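# Examining the three-dimensional arrangement
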Amino acid sequence: MLIAQISDTHIKMPGKVAYNIVDTAQMLRDCVAHIMQLKIQPDLILLTGDLVDLGRDEEYDYLRSILAPIRQRIIVIPGNHDERDAMRRAFKDASYLPASGFLHFAINDEYPFRLIGLDTLIPFSGGGELCQERLAWLDQTLQQQPDVPTLIMMHHPPFLTGIGHMDDIGLKGREEFAEIMSRHPQVRAILFGHLHRTIHAQVGGRPAMTSPSPAHQIELDINPSAPSYFCMEPPGYLLHWWNDGHLISHTALIGNYPGPFPFFGDDGKLID
């Protein structure tokens, strides 16, 4: 099974660009086109937060129109730029989303793994939180099916990255989250957004990975005092291959680049 993870699309109103530079709508169109041209199509699309920029209904409508060519099922969770009720309205066809409260869920019997979505949103804050209520829900949900391989998707990563301005808007409750992870070995991977970069870590002994953005990336500045900067490095998304109970993850760069070129000629010999 192949899963595409897209994160931090930051769609604004039609005609608007982010930070006077980034045409997030066109870049998401390019991402959708790139996915649709893959030789092997994903079976499932995950959107790990910051779907829009200001949480407005009109932005979600615009997002849905850009995603419309995708025929695969799309699963969404909120980021700090999202708004819960507007997301409910925009994705009213998403039966897995609860009608009230936090936008977290568990999808159980449709895939060879269990998929848990966590809501880390704090309204009007760049940072995220897993409060005691959310942590208790997660622990109880994991206890219900301890033998089923599980993937967790959320927006804010529960670890420090070393990029100071992003760590300043990190996740509250990350220590408690790591402790829960350490008690649930069925968790095969934890998938995040927020960082606009591909970053790998271990959380409670479980593999964890952030996704690049199909738009702008956070400047790579591993410095506790790093100022808040972004850059226009190549945009991307993640492709996760679920194989025999394990997740193998690839970073897919969006754009047209030279190649592919063969290593071997028609005679079967390595081209030197």
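In short, a report on the structure. (Residues numbered from 1 in each chain as written. Predicted model: local features only at pLDDT ≥ 70, side-chain atom pairs only at ≥ 80, totals over all residues. Heavy atoms only, no water.)

### Brief notes about the packing of helix 4 (residues 132-144) against helix 6 (residues 174-182)
- Packing of helix 4 against helix 6 brings their axes to within 11 Å, and their N-to-C directions diverge by 5°. If you check the angle between helix 4 and helix 6, you find them roughly parallel. Within the contact between the two elements, helix 4 uses Q132, L135, L138, D139 and L142 and helix 6 uses E176, F177, I180 and M181.
- Split into classes, the residues belonging to the contact of helix 4 with helix 6 amount to six nonpolar, one polar and two charged. (Axes fitted to C-alpha atoms, helices over the stretch in contact; angles between N-to-C directions. Helix = DSSP H or I, 4+ residues; strand = E, 2+ residues; numbered from the N terminus. Parallel < 35°, antiparallel > 145°, perpendicular 65-115°, else oblique. Contact = heavy atoms within 4.5 Å. Nonpolar A, V, L, I, M, F, W, Y, C, P; charged D, E, K, R; others polar.)

### Here we look at unusual backbone geometry
- In this model, G259 is joined to P260 through a cis peptide bond whose omega is 5°.
- Position of P260 relative to the elements: it lies in the segment after strand 15 (246-253).
- Although it is not a glycine, Y19 adopts a positive phi angle of roughly 55°.
- Of note, Y19 is situated in the loop between strand 1 (2-6) and helix 1 (24-36).

### Observations concerning helix 1
- Its 13 residues place the ends of helix 1 18 Å apart at the C-alpha level, agreeing with the 18 Å of an ideal helix rising 1.5 Å per residue.
- Restricting attention to buried positions, one finds in helix 1 the residues T24, A25, M27, L28, C31, V32 and I35. The buried side chains of helix 1 occupy one side of the element, clustering within an arc of 165° when seen end-on.
- On its buried side, helix 1 packs onto strand 1, strand 2 (44-48), helix 2 (57-67) and strand 14 (236-243). (Expected span 1.5 Å × (residues − 1). Buried < 20%, exposed > 50% of the residue type's maximum accessible area, 1.4 Å probe, protein only. Arc of directions from axis to C-beta.)

### Things to note about the environment of G164
- Relative to the elements of secondary structure, G164 occurs in helix 5 (residues 164-167).
- Sequence separation between G164 and S225 is 61 residues; the distance between their C-alpha atoms is 5.1 Å.
- Apart from the residues within four sequence positions on either side, G164 is in contact with N223, P224 and A226.

### Quick notes on the state of the cysteines
- The tally for this structure, following the rule as stated, stands at zero disulfides.
- Looking at C31, it has no disulfide partner, and the nearest cysteine sulfur is the one in C231, 17 Å off.
- Note on C31: relative accessible area 0%, which makes it buried. (Disulfide = S-S within 2.5 Å.)

### Some remarks on a nonpolar patch on the surface
- A grouping of F263, F264 and L270 is seen on the molecular surface, where their side chains present a nonpolar patch of about 380 Å² in accessible area.
- The topology assignment puts F264 in the segment after strand 15. (Patch = residues over 30% accessible without salt bridge, like charges linked within 9 Å, V, L, I, M, F, W, Y side chains within 5 Å. Areas by Shrake-Rupley, 256 points an atom, 1.4 Å probe, with all protein chains shown as cover. Salt bridge = Lys/Arg side-chain N within 4 Å of Asp/Glu carboxyl O.)

### So, the sheet that holds strand 14
- Read across the open sheet, the five strands follow the order 3-2-1-14-15; overall the sheet is mixed. Either end of the sheet is taken by a strand with one partner, and the two such strands are strand 3 (73-77) and strand 15. The sheet shows a mean angle of 25° between the axes of neighbouring strands, direction not considered.
- In the sheet, strand 1 pairs with strand 14 via four bridges, with the strands oriented antiparallel. (Pairing = 2+ DSSP bridges.)

### Regarding the packing of helix 1 against helix 2
- Where helix 1 contacts helix 2, the two axes come as close as 9 Å, and the packing angle between them is 30°. When the axes of helix 1 and helix 2 are compared, the pair comes out roughly parallel. As helix 1 runs across helix 2, the sense of the crossing is right-handed. Counting all contacts with helix 1, which are made through A25, L28, R29 and V32, the residues of helix 2 involved are Y62, L63, I66 and L67.
- Looking at the contact of helix 1 with helix 2, its residues break down into seven nonpolar, no polar and one charged. (Left-handed = near helix turned anticlockwise from the far one by under 90°.)

### Focus: helix 6
- For helix 6, the set of buried residues is F177, I180 and M181. Take helix 6 and look down its axis: the buried residues cluster within an arc of 100°, on one side only.
- Residues of helix 6 that are buried in the fold lie against helix 4, strand 7 (150-153), strand 9 (187-192), strand 10 (199-203) and strand 11 (206-210).

### Regarding the pattern of salt bridges
- One pass over the full model with this rule turns up 11 salt bridges.
- Across the pair D93 and R64 runs a salt bridge, and its minimum N-O distance is 3.2 Å. Of this pair, D93 sits in the loop between helix 3 (84-90) and strand 4 (105-107) while R64 sits in helix 2; the two residues are 29 residues apart in sequence, bridging distant segments of the chain.
- What you see here is one network of salt bridges that share partners, running through R84, D119 and R134.

### Structural notes on the packing of aromatic side chains
- Applying the stated criterion to the full structure yields five aromatic pairs.
- Summarising the aromatic geometry, the rings of F159 and F192 are spaced 5.9 Å apart at their centres and angled 80° between planes, so their arrangement reads as edge-to-face. Here F159 is found in the loop between strand 7 and helix 5, whereas its partner F192 is found in strand 9, with 33 residues between them in sequence.
- According to the relative accessible area criterion, F159 is buried, its value standing at 13%. (Phe/Tyr/Trp six-rings, centres within 6.5 Å; stacked < 30°, edge-to-face > 60°.)

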